[in-house]
Amino acid sequence: MNAPRARSMFGDGQVDRLLSELTAAVGDDNNDDLVRRMIVTALDMDAAEVDRLELKIASQSMVEMLNAWRVFSPYRGRAKCTIFGSARTAADHPDYALAQSFGEKIVERNWMIISGAGPGIMTACIEGAGVENSFGVNIVLPFEQRAAALIDRDPKLATFRYFFTRKLFFMKESDGFVLLPGGFGTLDETFELITLIQTGKAYPAPIVMLDHPGSTYWASLLRFVEEGLLANGMIGDVDMSLVFHTHDAEAAADYIADYYSCFHSMRYVGRRLVIRTNTAIAPKALATLNAEFADIVVEGQIEPIEVTKAEVDSDDHIELPRIAFGFNDRSFARLNQLIMRINSLAETKERITTGMFHDLEPENADMLDD
């Protein structure tokens, strides 16, 4: 069963005529269909007598998304890494210094960082990266209404009332993720992030678990995952490859940046998955990919293709070489391994730091391009 789809027609002749006039009068005509669907959905909610609280949630969510879009859109040409971690980490704690160091290292690779804009690890990574290279994605809590002084009132700060809209922009705007030790919030973000990538609801991306030398924080969690989840068949061996654990800020920054040393981005076109690369993949390397990843190919083989009409129509990285194959739409941890194998086989490697890399809808079930 498919998820519900937005309607384009309200069903009342006069209202539908007014909708046509309204959408034609404002904004980009190319997006009139989507704007119309949003308006019809709002009218449907009113007609269905959705109560006031639900309408407030829907209205506030759209306002928060609009504000965050305004914050991030001027920087779509820069790669960004989200850093999660505890707000309670003291400035003299070794993880604080590690977060500072990672912020410095990833900026040296021409990336920007995104944090929750609060104290602790969030402030540390901003100090390391510099405010000019940092975004804040703040949440309003009953006991904390303001972002950290370092980034408060900066134009790269977006503030949210709802965790779910805030999480959307953490995931949507990031090309890589670094997880430092934290409490319930950090663990929530950790497992949601891994779940989104494991299930294909988010594009593959590098995930690093980072803690100071001698720390057992992530090692203990990974041991629980292996003994409690993997050993009981709740995840597979391949799912363990979705994360990289290190105590070294330099290694973490290299892992994030090197994920895009050959791999650039991907999208679905028709029923094939198209992978764009920074350099063309040699025939010998393609043969290796086909031999090692035949288990996730459901039709044909992994092969180079010309830029597709759908990509040309949306001006979607049309200058890059690309490969494509019929993906089985379930082995997303293996897809992550395929990306890393592409990088390892590349004859020439160049870290590309211009994003957003993942700028198109990853879901393909009922939103396939023609």
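Calculation criteria
- Sequence order as written defines residue numbering, which begins from 1 separately in each chain.
- Local features in this predicted model are restricted to residues whose pLDDT is 70 or higher, and side-chain atom pairs enter the listing and the counts only when it is 80 or higher, whereas totals over whole chains, interfaces and linings include all residues.
- Calculated side-chain values reflect all of the structure's heavy atoms, with hydrogen atoms and water omitted.
- Numbering of helices and strands runs from the N terminus, with a helix taken as a DSSP run of H or I at least four residues long and a strand as a DSSP run of E at least two residues long.
- In a helix, the anticipated span is given by 1.5 Å times the number of residues less one.
- Each residue is placed in one exposure class: buried if its accessible area under a 1.4 Å probe, protein chains only, is under 20% of its type's maximum, exposed if it is over 50%, and partly exposed if it falls in between.
- Think of the arc as the fan of directions from the helix axis to the C-beta atoms.
- By the convention used here, residues are in contact when the closest approach between their heavy atoms is within 4.5 Å.
- Orientation is described by lines fitted to C-alpha atoms, with helices fitted over the stretch in contact, and by angles between N-to-C directions that extend from 0 to 180 degrees.
- Each angle gets one of four labels, with under 35 degrees taken as roughly parallel, over 145 as roughly antiparallel, 65 to 115 as roughly perpendicular, and the rest as oblique.
- Crossings are sorted by hand: turned counterclockwise from the far helix by less than a right angle, the near helix makes the crossing left-handed, and turned clockwise it makes it right-handed.
- The classification used treats Ala, Val, Leu, Ile, Met, Phe, Trp, Tyr, Cys and Pro as nonpolar, Asp, Glu, Lys and Arg as charged, and all other residues, Gly among them, as polar.
- Put simply, a disulfide is two cysteine sulfurs that come within 2.5 Å.
- Criterion used throughout: strands pair if DSSP finds at least two bridges between them.
- Polar contacts, as used here, are pairs of N or O atoms within 3.5 Å; protein pairs need one atom able to donate a hydrogen and one able to accept it. Residues neighboring in sequence count only if both atoms are side-chain atoms.
- Note that His is not counted, nor are the chain ends; the positive residues are Lys and Arg, and the negative ones are Asp and Glu.
- Whenever a carboxyl oxygen of Asp or Glu lies within 4 Å of a side-chain nitrogen of Lys or Arg, that contact is scored as a salt bridge.

Asks: For this particular structure, what's the right way to read helix α8 (residues 217–230)?
Replies: Every α-helical turn comprises 3.6 residues, leaving residues that sit three or four positions apart pointing alike. The terminal C-alpha atoms of α8, which comprises 14 residues, lie 19 Å apart, in line with the 20 Å expected from a rise of 1.5 Å per residue. Of all the positions in α8, only W218, L221, L222 and V225 are classed as buried. In an axial view of α8, the angular spread of the buried residues amounts to 100°, which keeps them on one side of the axis. Contact partners of the buried residues in α8: β5 (176–179), α7 (184–198), β6 (207–210) and β7 (244–246).

Asks: Help me understand the packing of helix α4 (residues 94–108) against helix α9 (residues 249–258) in this model?
Replies: When two helices pack together, their arrangement is given by the angle between the helix axes and the distance between those axes. Packing of α4 against α9 brings their axes to within 9 Å, and their N-to-C directions diverge by 40°. Overall, the two elements α4 and α9 adopt an arrangement that is oblique. Where α4 crosses over α9, the two elements pack in a sense that is right-handed. Counting all contacts with α4, which are made through L98, S101, F102, K105 and I106, the residues of α9 involved are A249, E250, A252, A253 and I256. The residue inventory of the contact of α4 with α9, partitioned by class, reads seven nonpolar, one polar and two charged.

Asks: Sorry, what's going on with unusual backbone geometry here?
Replies: Negative phi values dominate among residues other than glycine, just as trans dominates among peptide bonds. In this structure, N110 is a non-glycine residue whose phi angle is positive, near 70°. In this structure, N110 sits in the loop between α4 and β2 (112–115). One non-glycine residue with positive phi stands out, namely H317, at about 55°. Assignment of secondary structure puts H317 in the loop between α11 (309–313) and β11 (322–327). Under the relative-accessibility criterion, H317 is labelled buried at 16%.

Asks: I tried to follow the state of the cysteines on my own but got confused; where do I start?
Replies: Chemically, a disulfide is nothing more than a covalent bond linking the sulfur atoms of two cysteines. Tallied over the entire structure, the rule returns zero disulfides. Between C125, a cysteine without a disulfide, and C81, which holds the nearest cysteine sulfur, the sulfur-to-sulfur distance is 9.0 Å.

Asks: Is there a simple way to think about the sheet that holds strand β8 (residues 263–269) in this case?
Replies: If you trace the four strands from one edge of the open sheet to the other, you get β8-β9-β11-β10, paired in antiparallel fashion. Edge positions in the sheet fall to β8 and β10 (297–305), since each of these pairs with one other strand and no more. The average angle at which neighbouring strand axes cross in this sheet is 20°, direction not considered. Relative to β11, β10 runs antiparallel, the two sharing five bridges.

Asks: Hey, could you run me through the side chain of E311 in this one?
Replies: The residue E311 is located in helix α11 in this model. Relative accessible area serves as the criterion here: at 0%, E311 is assigned to the buried category. A distance of 2.7 Å separates polar atoms of two side chains, one belonging to E311 and the other to T308. Separated by 2.8 Å, the side chains of E311 and R322 make a polar contact.

Asks: Explanation requested: the sheet that holds β6 in the structure shown.
Replies: Within a beta sheet, neighbouring strands are joined by backbone hydrogen bonds and run either parallel or antiparallel to one another. Here we have seven strands laid out as an open sheet, ordered β4-β3-β2-β1-β5-β6-β7, and parallel in their pairing. Two strands bound the open sheet, and with one partner strand each, they are β4 (157–160) and β7. Across this sheet, the average inter-strand angle for adjacent strands is 20°, counted without regard to direction. Here three bridges tie β5 to β6, and the two strands are oriented parallel to one another. Among the inter-strand pairings, F177 is bridged to a residue of β6, identified as I207. The sheet contacts of helix α5 (residues 121–129) involve β1 (80–84), β2 and β3 (134–139), and relative to β2 the element is tilted by about 165°. On the sheet, α8 packs against β5, β6 and β7 and is oriented at approximately 120° with respect to β6.

Asks: What's the story with the side chain of D95 in this structure? I'm lost.
Replies: By the element assignment, D95 lies in helix α4. Here D95 is buried and forms no salt bridge, its nearest opposite-charge partner R88 lying at an N-O distance of 14 Å. Looking at D95, its side chain comes within polar contact range of the main-chain nitrogen of H212, at 3.0 Å.

Asks: Would you take a moment to explain α4 for this structure?
Replies: In a regular helix each residue adds 1.5 Å, so 15 residues correspond to 21 Å; α4 covers 21 Å between its end C-alpha atoms and thus fits that length. Considered for burial, the residues of α4 that qualify are D95, Y96, L98, A99, F102, G103 and I106. All buried residues of α4 lie within an arc of 160° about the axis, which places them on one face of the element. Residues of α4 that are buried sit in contact with β1, β2, α5, β5, β6 and α9. Residue N110 follows α4 closely and has a positive phi angle near 70°.

Just geometry here; none of it tells us what the structure is for.
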